Amino acid sequence: MTKGIGIAGIAGRMGRLLAEEVAAAGATLVGGIDRPGATPAPGAILLPDIAALAAAADVVVDFTHASAVPAHAAALAAAGTAWVLGTTGLSATDEAAVHEAAERIAVVYAPNFSPGVNLMLALAERMGAVLPAEGYDVEIVEMHHRQKVDAPSGTAIGLGRAVARARGVDLAAVRESGRDGHTGARRTGAIGFAALRGGQVVGEHTLLFAGASEHIALTHRAFDRRVFASGAIRAALWVQGRPAGLYTMMDVLGMR
Ligand code: NAD
C-alpha cells in the first residue's frame, strides 16, 4: 500500500519548498525530520529520527548535510525505503555508503535536480568527447549564495566528472581547484574549478572549453530553487516501486 513521501531536512530552505511541491503534485507528505529544535515546514509532522521516517514513508527525499548521509543510507536500506538524495558535499566514504544502500534500495542521487542542468551534463559529456584535452582547456566557474557550505558545488563536480569520463580520465587526477599564488603554468588536460560565493545567488554554472582559436561556453542560471524541489518530487514519484539500484536525474528525465 502507498504510504507517501517523507522529507529529511524539512526545516531547511529546500525542505520547505519540497513540502509545498509534494502538495502541488497531489502526493501525500507523511512527515519529516530535522535537527532538534528546528521549526518544520508549516503543517508538517516532525518525526523523531530517520528510522521513524523510513518506516512511515515509501520514499524519503533528503536535502540535509553530508554528515547525515552514512546514517541515512543505513536506516533507509534497513527499512527498504527508496531514497531521493539531493545533499551535496559528499566525501568518498559518504558516496560509498550511497552505493552500498543502492544494492538494497532504489536511490536517485543527483547533485542537481533541474532539467536544464541535466541537459547541460549530457552536453558536457558530448563536448568532452569532441574537444580533446590537448587543444581545449576546461574551466568550470560556479556562483552560489553566501550560506552555501561546500565548494565547488556538486553540480560543478558533476560537470567535471562528465568531461573527465568522456576524456577517459579520473577527475581526481586532473582536477585543479582554487588557484592562488605561484601555481605554475596550467597542466594540459587539467579541469579547473573556481567557486564564487555571495548574495543570494540560487546557482550559476559556466562550463568553458578554451582553445587557441576559439572558446565555447555553456551557462546555466537557476533563478528559483523551486526548480530543484519540483525535480526532486518528480524523482520521488518516479522511483517508487523501482528495483534496487543507483539512478540519476537523467534516468528520471528519460535522457538515457
Ligand atoms: P539548509 O541549511 O537551509 O537546510 C538543511 C536542513 O537540514 C536544515 O534545516 C538542517 O537543520 C537539516 N539537517 C542537517 N543535518 C541534519 C541531520 N543530520 N538530520 C536531520 N536534519 C538535518 O540547506 P539547503 O539550502 O536546504 O540545502 C540542503 C542541501 O541540499 C545542501 O547540501 C545543498 O547543497 C543541497 N542542494 C541540492 C540541490 C540539488 O538539486 N541536488 C539543490 C539545492 C540544494
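None of these values were measured; they are calculated from a predicted model. (Residues numbered from 1 in each chain as written. Predicted model: local features only at pLDDT ≥ 70, side-chain atom pairs only at ≥ 80, totals over all residues. Heavy atoms only, no water.)

**Structural notes on a nonpolar patch on the surface**
Part 1 of the reasoning: Together, L119, L123 and M255 make up an exposed nonpolar region whose accessible area comes to about 240 Å².
Part 2 of the reasoning: Note that L119 resides in helix α5 (residues 115-130).
Part 3 of the reasoning: Among the residues examined, L119 registers a relative accessible area of 47% and is labelled partly exposed. (Patch = residues over 30% accessible without salt bridge, like charges linked within 9 Å, V, L, I, M, F, W, Y side chains within 5 Å. Areas by Shrake-Rupley, 256 points an atom, 1.4 Å probe, with all protein chains shown as cover. Salt bridge = Lys/Arg side-chain N within 4 Å of Asp/Glu carboxyl O. Helix = DSSP H or I, 4+ residues; strand = E, 2+ residues; numbered from the N terminus. Buried < 20%, exposed > 50% of the residue type's maximum accessible area, 1.4 Å probe, protein only.)

**What to know about the pattern of salt bridges**
Part 1 of the reasoning: Summed over the entire model, instances satisfying the criterion amount to twelve salt bridges.
Part 2 of the reasoning: The closest approach of N and O atoms between E139 and R179, which form a salt bridge, is 2.8 Å. With a gap of 40 residues between them, E139 in strand β6 (residues 136-144) and R179 in the loop between β7 (175-177) and β8 (191-197) connect regions that are remote in the sequence.
Part 3 of the reasoning: Between R187 and E176 there is a salt bridge, with its nearest N and O atoms 3.3 Å apart. One end of the pair, R187, is in the loop between β7 and β8; the other, E176, is in strand β7, with eleven residues separating them in the sequence.
Part 4 of the reasoning: Members of the salt-bridge network, linked through shared partners, are D137, E139, E176, R179, R186 and R187.

**Focus on the pairing of strand β4 (residues 82-85)**
Part 1 of the reasoning: Burial along β4 is two-sided: A82 and V84 facing one way and W83 and L85 facing the other are all buried.
Part 2 of the reasoning: Relative to β4, strand β3 (residues 59-62) is paired through four bridges, and the arrangement is parallel. Residue pairing across strands places D62 opposite L85, the latter belonging to β4.
Part 3 of the reasoning: Handedness of the β3-helix α3 (residues 69-79)-β4 crossover: right-handed.
Part 4 of the reasoning: For β4 and strand β5 (residues 106-109), the ladder comprises three bridges, and the chain directions are parallel. (Pairing = 2+ DSSP bridges. Right-handed = clockwise from strand over helix to strand, strands pointing away.)

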